[in-house]
Amino acid sequence: MLVDFSFHHFRFHLEPKAPLHMPAYNKGNVIRGGFGSTSRRIVCHANCREPESCELRSVCPYTAVFQPFVPEGSEKISKNRDIPRPFVIKPPLETKEAYLPGERLSFDVVLVGKIKDYLPYFIVTFKELSQAGLGRGRTPVDLIAVESLGMNGDAAPVYASESNLVQPPRESLSWENIIHSNGHKNGFENVQRVTLRFLTPTMLKIDGFLAQKPTFASILKRLRDRINALSYFYCGSGLEIDFKAFGDQAEEIKTVADSTRWVESSRFSRRRGVNHDLSGFVGEVSFEGGLAPCLPYLKLGEYVHVGKNAVFGNGWYEIVEAI
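Residues numbered from 1 in each chain as written. Predicted model: local features only at pLDDT ≥ 70, side-chain atom pairs only at ≥ 80, totals over all residues. Heavy atoms only, no water.

Engineer: Help me understand the pairing of strand β7 (residues 155-160) in this model?
Structural biologist: Put simply, side chains in a regular strand alternate between the two faces of the sheet. Alignment of strand β6 (residues 141-149) against β7, held across five bridges, turns out to be antiparallel. Considered in β7, the bridge of E147 is made with P157. The hairpin turn running from β6 into β7, its antiparallel successor, is five residues long, and G153 in that turn takes a positive phi close to 90°. As defined by bridge partners, β7 adjoins strand β8 (residues 165-166) across two bridges and the pair is classed as antiparallel. Residue Y159 lies in a different strand from β8, and its bridge partner there is V166. Connecting β7 to the next strand, β8, in antiparallel fashion are four residues, including N164 with a positive phi near 60°. (Pairing = 2+ DSSP bridges. Helix = DSSP H or I, 4+ residues; strand = E, 2+ residues; numbered from the N terminus.)

Printed below as a string of structure tokens:
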């Protein structure tokens, strides 16, 4: 059971000042890269060489968002040396590669729990991209608007460039919203088949080994652990479930159709001078079995993603069938 989990779902709209060139796929890599480098430049003080060793890291917005660390006194999940980042970028899925002035590049950002308080830093950073630039050639872009999205996708304004004012976002979304959304509260117990469509490359590891094909257990166990860590570090409490029993139950769910394929992708980090593997599987997979206890986790996973590199937009899927 997960009572305290909360998150906010935002949509950002950018417009280029000159022709903006973006990759056909994995636009989240470019968005996250521009956001990270610009955020560090405007937030970190001049003497900061690495966030991990900075004496101000406990009060630094950049560290809180990009380099979170296990707080002192944390007993549960204390072995997590690399806790999940508290945000997810949901990139545009269109394969368009050129955006002209007046055309919008729109993408979503999910902020988990207390990280909603850092929304102004997200807005200021994307406004700063007007000078820093985005994509190949560092094209300057304007932040036109930011909206807060509800569970059904309805939008409420948060920021508009015309007024240059930031309004408080709507109330956070929650675990209860997930359970009650789309009339599923009384329908979960009857679901025997679910089909997931992976929209962006998804990388899962099982016992240290890379999963080239998705299994229900690999997806649910990673979702369980990810949701638990996000909830514990950013919402105040973790999952109150029998982890082993939950995993054993997931092992009983069978794959009945699989049309996923593996795609190779990578990103070069100029700051660290290393390549990050952003590969994973995409496509549809269907499962059958006693899915009722798992549906709320799958629904929440549509927002927070699953697997590695969620902050780049990886691990994004949607439920296309639940019967």
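Engineer: Please clarify how helix α3 (residues 119-132) should be interpreted in this entry.
Structural biologist: In an α-helix there are 3.6 residues to a turn, and that puts residues three or four apart on one side. A rise of 1.5 Å per residue sets the reference length of α3, with its 14 residues, at 20 Å; its end C-alpha atoms lie 19 Å apart and thus fit the reference within 8%. Along α3, the residues classified as buried are L119, F122, I123, T125, F126, L129 and S130. Within two residues after α3, G133 carries a phi angle of roughly 85°, on the positive side. (Expected span 1.5 Å × (residues − 1). Buried < 20%, exposed > 50% of the residue type's maximum accessible area, 1.4 Å probe, protein only.)

Engineer: When you look at the packing of aromatic side chains in this model, what are you seeing that I'm missing?
Structural biologist: Any pair of aromatic rings gets described here by the distance separating the centres and the angle formed by the planes. By the definition in use, this model includes 19 aromatic pairs. Measuring from centroid to centroid gives 5.1 Å for F35 and F66, while their planes differ by 50°, and the two rings are tilted. On the criterion of sequence distance, the pair formed by F35 in helix α1 (residues 27-43) and F66 in helix α2 (residues 61-66) is long-range, its members being 31 residues apart. Cluster of aromatic residues (ring-pair linked, three or more members): F12, F35, Y62, F66, F87, F107, F122 and F126. (Phe/Tyr/Trp six-rings, centres within 6.5 Å; stacked < 30°, edge-to-face > 60°.)

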